[in-house]
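# Descriptive structure summary
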Amino acid sequence: PPVDGVAVIAGYLLVDTVPAIRASRGDPPRVMISHGRDDSLLGFDGAERMRRVLEKHGFPVVFHAYDGGHEIADATVTELRAFLERGETHDLPIR
């Protein structure tokens, strides 16, 4: 089945993933990126770079930056649910 939404939480999409995700449907799916500013394992700058690459390729991106490290913040779970259930595509509040 086509991909309707992709969530990247404290991680990265590999560059070769972009064409595969896009090929699954006519329009690129929504992408939610949630990443901690103090992530020492996967730096925050990589999340910002991923956002720019995805937007350059036409993906609608929801970006959630939070204070914290390489973790899933409590607010991220709630925001992920909203993204998946309601298809929200606006940037989420920065925490």
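Below is a short write-up of the structure. All of these numbers come straight from a predicted model, not from anything done at the bench. (Residues numbered from 1 in each chain as written. Predicted model: local features only at pLDDT ≥ 70, side-chain atom pairs only at ≥ 80, totals over all residues. Heavy atoms only, no water.)

### A word on the packing of aromatic side chains
According to the stated counting rule, one finds one aromatic pair in the structure shown. Lying over the aromatic face of F83, R30 brings its terminal NZ or CZ to 4.2 Å of the ring centre. (Phe/Tyr/Trp six-rings, centres within 6.5 Å; stacked < 30°, edge-to-face > 60°. Lys NZ or Arg CZ within 6 Å of the ring centre and 35° of its normal.)

### Quick look at helix α2 (residues 44-56)
Taking 1.5 Å per residue, 13 residues should reach 18 Å; α2 reaches 19 Å between its end C-alpha atoms and fits that length. Residues of α2 that are buried: F44, G46, A47, M50 and L54. In an axial view of α2, the angular spread of the buried residues amounts to 155 degrees, which keeps them on one side of the axis. Counted as exposed and oriented over 90 degrees from the buried face of α2: R52 and K56. (Helix = DSSP H or I, 4+ residues; strand = E, 2+ residues; numbered from the N terminus. Expected span 1.5 Å × (residues − 1). Buried < 20%, exposed > 50% of the residue type's maximum accessible area, 1.4 Å probe, protein only. Arc of directions from axis to C-beta.)

### Considerations on helix α3 (residues 74-86)
The terminal C-alpha atoms of α3 lie 19 Å apart, and with 13 residues this matches the ideal 18 Å at 1.5 Å per residue to within 8%. What α3 keeps buried is the set T76, E79, L80, A82 and F83. Down the axis of α3, the buried side of the element spans an arc of 160 degrees, and every buried residue falls inside it. Residues of α3 that are exposed and point over 90 degrees away from its buried face: D74, T78, E85 and R86. Buried-residue contacts for α3 involve β1 (5-9), β2 (30-36) and β3 (61-66). (Contact = heavy atoms within 4.5 Å.)

By themselves, these observations are geometric and do not establish any function.
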